[in-house]
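Coordinates in review
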Amino acid sequence: KAGVTQTPRYLIKTRGQQVTLSCSPISGHRSVSWYQQTPGQGLQFLFEYFSETQRNKGNFPGRFSGRQFSNSRSEMNVSTLELGDSALYLCASSVTGDTGELFFGEGSRLTVL
Amino acid sequence: KQEVTQIPAALSVPEGENLVLNCSFTDSAIYNLQWFRQDPGKGLTSLLLIQSSQREQTSGRLNASLDKSSGRSTLYIAASQPGDSATYLCAVGAGRRALTFGSGTRLQVQP
């Protein structure tokens, strides 16, 4: 059974650009959530989607957005990139996203120059 | 606001030792608690999930306990091996479908 797949694994952008990251959840999982990991702030929750609906959002500016498609795949977008957006972006999937186990992908490492 | 603390921040032990990693949380109204392992530059690997109604979970050499009333969880690793070297993260699920993570314990097991 395939795990959570994130693409791309690594990317480099410059300030002001935008970036789109993709996440394919485990087959049968309908909940996808996104986390940002930085050395200074650790792991922080970005947002969670279930059946194409955003059910929860963390404390991040509006430059961070996401969506989920009918096949449960999800994308997150960061516009007008800032140096501080450099981080490992992790996607996690679960069956319902309520009290079940979360399974994480390998992450997308974003470097903003 | 839920806060999760992990102590110690780093730990170095010789191979074969049994060890305990600690996790504490400030709000006992949790749904579950999950322990993860993270290797350098990698994603998170789920180790154990404890639901709020459970007291402990075991998987191989790993045993995790949960004491909601005191806001504590421990991860016990038996007979540690060099391959156990990684950062161990504790995360609390308290509704809103989001986990609150501790800052992790970086474990190094010396051969």
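Residues numbered from 1 in each chain as written. Chains lettered and ligands numbered in written order. Predicted model: local features only at pLDDT ≥ 70, side-chain atom pairs only at ≥ 80, totals over all residues. Heavy atoms only, no water.

Some remarks on the overall build of chain A
When you go through chain A residue by residue, the secondary structure sums to zero helices and eleven strands. Ordered by position from the N terminus, the helices and strands of chain A form the series β-β-β-β-β-β-β-β-β-β-β. A globule of 113 residues ought to have a C-alpha radius of gyration of about 13 Å, and chain A, at 13 Å, matches this closely. Seen along its three principal axes, the alpha-carbon backbone of chain A occupies a region of about 40 × 25 × 25 Å. When the 113 residues of chain A are sorted by exposure, 49% land in the buried category. Restricting to contacts in chain A with at least 6 residues of sequence separation, those with at least 24 account for 54%. On chain A, roughly 5300 Å² of surface is accessible, and the fraction owed to carbon and sulfur atoms is 48%. Computing the positive centroid from 11 side-chain charges and the negative centroid from 8, chain A places the two 5 Å apart. (Helix = DSSP H or I, 4+ residues; strand = E, 2+ residues; numbered from the N terminus. Rg over C-alpha atoms; globule rule 2.2 N^0.38 Å. Buried < 20%, exposed > 50% of the residue type's maximum accessible area, 1.4 Å probe, protein only. Contact = heavy atoms within 4.5 Å. Areas by Shrake-Rupley, 256 points an atom, 1.4 Å probe, with all protein chains shown as cover. Lys, Arg positive; Asp, Glu negative; His and termini not counted. Charge placed at Lys NZ, Arg CZ, Asp CG, Glu CD.)

Remarks on the pairing of strand β8 (residues 74-78) of chain A
All names here are of chain A. Among the five residues that make up β8, five are buried, leaving the element largely enclosed by the rest of the structure. Both strand β3 (residues 19-24) and β8 contribute to a ladder of five bridges, which runs antiparallel. Each residue of the ladder has a partner; that of V19, found in β8, is V78. Linking strand β7 (residues 64-68) back to β8 in an antiparallel pair, the connection comprises five residues, with S72 at a positive phi of about 80°. (Pairing = 2+ DSSP bridges.)

Here's the deal with the interface of chain B and chain A
Taken together, the contact between chain B and chain A spans 18 residues of the former and 21 residues of the latter. For the pair chain B and chain A, the summed buried surface comes to about 1600 Å²; carbon and sulfur atoms form 49% of the total. When the buried area of chain B at its contact with chain A is split by residue, L44, R97 and F101 of chain B rank highest and sum to 35% of it. Taken together, the connections running from chain B to chain A amount to zero salt bridges. In this assembly, chain B and chain A are joined by five residue pairs in polar contact (both at pLDDT 80 or more). The residue makeup of the side of chain B that touches chain A, split by class, is eight nonpolar, seven polar and three charged. (Buried area = accessible area lost by both parts, 1.4 Å probe. Salt bridge = Lys/Arg side-chain N within 4 Å of Asp/Glu carboxyl O. Polar contact = N/O pair within 3.5 Å; in protein donor to acceptor, adjacent residues only side chain to side chain. Nonpolar A, V, L, I, M, F, W, Y, C, P; charged D, E, K, R; others polar.)

Here's the deal with the confidence of the model for chain B
Per-residue confidence for chain B averages 95 on the pLDDT scale, and 100% of its residues sit at or above 70. Taken element by element, chain B is modelled with least confidence in strand β10 (residues 99-101) of chain B, mean pLDDT 94, and with most confidence in strand β11 (residues 105-110) of chain B, mean pLDDT 98. (pLDDT = per-residue confidence, 0-100.)

Some words on the side chain of H29 of chain A
Residue and element names in this part refer to chain A. The residue H29 is located in the loop between β3 and β4 (31-38) in this model. Given the relative accessible area of 7%, H29 is considered buried. A polar side-chain atom of H29 sits 2.8 Å from a polar atom in the side chain of S93. Non-local contacts of H29, meaning those with residues more than four positions away in its chain, are made with S72, S93, S94, V95 and F103.

Remarks on empty space enclosed by the protein
Enumeration over the complete set of coordinates arrives at one cavity of 30 Å³ or more. If you add up the space inside the largest cavity, you get close to 140 Å³. If you trace the largest cavity, you find 20 residues lining it, with G97, D98 and L102 of chain A together with R97 and L99 of chain B closest to the centre. Going through the elements one at a time, β4 and β9 (87-94) of chain A together with β4 (32-38) of chain B are the ones with two or more residues in the lining of the largest cavity. (1 Å grid on protein atoms, 1.4 Å probe; cavity = no way out; pocket = protein on both sides within 12 Å on 5 of 7 lines; lining within 4 Å. Points joined across faces, edges and corners; volume = space filled by probe spheres on them.)

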